[in-house]
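Topology and contacts: notes
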Amino acid sequence: MKTSNPVLARLGQAAERERAAGYAQPGPYGQPGYPQQQQFPQQPYAQPYPGGYGQPVAPPTVTPMTLDDVVVKTVLMLAILGASAAAAWVLVPDALAGPAWIGAAVVGLVLGLIISFSRMANPALVVAYSIVEGVFVGMVSKAFESLYDGIVLQAVVATFGVFFLMAMIYKARIIRATPKFARIMVAVIAGLFGVMLVNLVLALFGVNTGLRDGSPLAIGFSLVCIVVASLSFVLNFADIEEGVRMGLPQRYSWTAAFGIVVGLVWLYIEILRLLSYFQGDD
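Residues numbered from 1 in each chain as written. Predicted model: local features only at pLDDT ≥ 70, side-chain atom pairs only at ≥ 80, totals over all residues. Heavy atoms only, no water.

Topic: the layout of surface pockets
The condition that has to hold: Any residue with an atom within 4 Å of a point lines the site, the site being either a cavity, points on a 1 Å grid over the protein atoms alone where a 1.4 Å probe fits but cannot get out, or a pocket, an open set with protein on both sides within 12 Å along at least 5 of 7 lines. Grid points are joined across faces, edges and corners, and a volume is the space filled by probe spheres set on the points. Under the scheme used here, helices are H or I runs from DSSP no shorter than 4 residues and strands are E runs no shorter than 2 residues, and both carry numbers assigned from the N terminus. Following the grouping adopted for this structure description, the nonpolar residues are Ala, Val, Leu, Ile, Met, Phe, Trp, Tyr, Cys and Pro, the charged ones are Asp, Glu, Lys and Arg, and the polar ones are all others, Gly among them.
Of the voids in this model, the second largest pocket is the one considered here, and its volume is about 470 Å³. Forming the walls of the second largest pocket are 18 residues, and the residues nearest its centre are Leu67, Val71, Phe163, Phe237 and Ile260. Counting residues per element, the ones that place at least two in the lining of the second largest pocket are helix H2 (67-91), helix H5 (151-171), helix H7 (216-246) and helix H8 (253-277). Classifying every residue of the lining of the second largest pocket gives 15 nonpolar, 1 polar and 2 charged.

Now the structure itself:
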């Protein structure tokens, strides 16, 4: 099964090589086994059981990932992220809130890039990302909640509402993750990321671009980000479907869950920011 996603294509090729290699499990006393294609001819006096005294054994089976695996990993990541956010909210002093969320944002970005461009699924990195991103979300949420009472709950409800709406839209095939759609989405996401990065750097030097100050331009920019973040779930759902069809190993469900959590965090932050623009000054 071919896919337009280059990352999935590399993972699928790696999974296929893993299944085709057929390396045996280690023999007794820590001795290496033999690949399936190099099995010695069976002798009349050979042991009837596999692996006896260096005899070749059957290659290990690779458990493919399922949709349930992705759901479980996603819920686990969200639980870790939520616990980390709550801990940061309670434990980090207000005087350290700024450095905490900036540091968490930088570390989370680095971990996210490593996970995204890595060819191997690494559950430890994914869990570490959940913890670090939880600190970022907790600090940002605390800052907004201190200014606008109840805004965090509104943003959380809206975020999961949009997510489930996109899941239903995808299931009904109202929006399809065609190769053209995927290329456009990747280009738009990269463009938005570049704009936000430049805006952040300029803001550090006191330059106001109007993208984050509550102006009509800022409202429009947040709406664009919310739409793009919502549509990114279509790519996530398509990647999960493709990964299940390609028979990717079960550990890659962590990578699929990571993609969903990244989209949820981005969507939540943008909704939180948009809601703040419409809050009264009192």
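There is more to say, and it comes next.
Details of the nonpolar core
Across soluble globular proteins, nonpolar side chains have a tendency to be buried as a group. Put simply, the test is: Each nonpolar core is a collection of buried residues, namely Ala, Val, Leu, Ile, Met, Phe, Trp, Tyr and Cys, held together in the definition by side-chain atoms within 4.5 Å. Throughout this description, buried means an accessible area under 20% of the type-specific maximum (1.4 Å probe, protein chains only), exposed means over 50%, and partly exposed covers the range between. Whether two residues are in contact is decided by their heavy atoms: any pair within 4.5 Å suffices.
Membership of the largest hydrophobic core comes to 58 residues, with the highest contact counts inside it found for Met77, Phe233, Tyr268 and Leu272. Going through the elements one at a time, H2, helix H3 (97-117), helix H4 (123-147), H5, helix H6 (179-204), H7 and H8 are the ones with two or more residues in this core. Counting residues per element, this core draws most heavily on H8, at 16 residues. Residues contacting phenylalanine 233, with those up to four places away along its chain left out, are Phe163, Met166, Ile260, Gly263, Leu264 and Leu267.

A word on a nonpolar patch on the surface
What counts, and what does not: Patch definition: residues with relative accessible area over 30% and no salt bridge; like charges joined within 9 Å; nonpolar side chains (Val, Leu, Ile, Met, Phe, Trp, Tyr) joined within 5 Å. All accessible areas in this document rest on Shrake-Rupley with a 1.4 Å probe, and a residue is counted as covered only by the protein chains that are shown. Here, a salt bridge means any Lys or Arg side-chain nitrogen found within 4 Å of an Asp or Glu carboxyl oxygen.
Nonpolar side chains collect at one region of the surface, where Leu109, Leu113, Phe117, Phe193, Leu197, Val198, Leu200, Val201, Leu202, Leu204, Phe205 and Val207 lie side by side and expose about 1200 Å² of accessible area between them. Breaking the nonpolar patch down by element, the ones donating at least two residues are H3 and H6. Among the elements that take part in the nonpolar patch, H6 stands out by supplying 7 residues, more than any other. As for its position among the elements, valine 198 is in helix H6. Valine 198 gets classed as partly exposed once you look at its relative accessible area, which sits at 48%.

Re unusual backbone geometry
Positive phi, close to 60°, is recorded for arginine 173, a residue that is not glycine. Examined against the element boundaries, arginine 173 turns out to sit in the loop between H5 and H6. Judged by relative accessible area, which is 31%, arginine 173 ranks as partly exposed.

Concerning H6
Note the following rule: For a helix, the expected span equals 1.5 Å multiplied by the residue count minus one.
For H6, which comprises 26 residues, the first-to-last C-alpha distance of 38 Å matches the rise-based estimate of 38 Å (1.5 Å per residue) to within 8%. The complete set of buried residues in H6 reads Phe181, Ala182, Met185, Leu192 and Asn199. Along its buried surface, H6 packs onto H7 and H8. Downstream of H6 by a residue or two, glycine 206 has a phi angle that is positive, lying close to 80°.

Some words on the packing of H4 against H8
To be explicit about the condition: To get an axis, a line is fitted to the C-alpha atoms, and for a helix only the part in contact is used. The angle between two axes follows their N-to-C directions and goes from 0 to 180 degrees. Any angle between 65 and 115 degrees counts as roughly perpendicular, while under 35 counts as roughly parallel, over 145 as roughly antiparallel, and the rest as oblique.
Contact geometry for H4 and H8: axes closest at 11 Å, N-to-C directions at 10°. Relative to H8, H4 is oriented roughly parallel. Residues Pro123, Val126, Val127, Tyr129, Glu133, Phe136, Val137, Val140, Ser141 and Phe144 of H4 form the contact with H8, whose own contacting residues are Trp254, Phe258, Val262, Val265, Tyr268, Ile269, Leu272, Arg273 and Ser276. Broken down by class, the residue content of the contact of H4 with H8 amounts to 15 nonpolar, 2 polar and 2 charged.

Focus: the pattern of salt bridges
The full count for this structure, using the stated rule, is 4 salt bridges. Arginine 173 serves as the salt-bridge partner of glutamate 241, at 3.0 Å between the closest nitrogen and oxygen. Of this pair, glutamate 241 sits in helix H7 while arginine 173 sits in the loop between H5 and H6; the two residues are 68 residues apart in sequence, bridging distant segments of the chain. Residue arginine 212 is joined to glutamate 270 by a salt bridge in which the shortest nitrogen-to-oxygen separation is 2.9 Å. Of this pair, arginine 212 sits in the loop between H6 and H7 while glutamate 270 sits in helix H8, and the two are 58 residues apart along the sequence. Relative accessible area serves as the criterion here: at 23%, arginine 212 is assigned to the partly exposed category.

No statement about biological role is implied by the geometric values presented.
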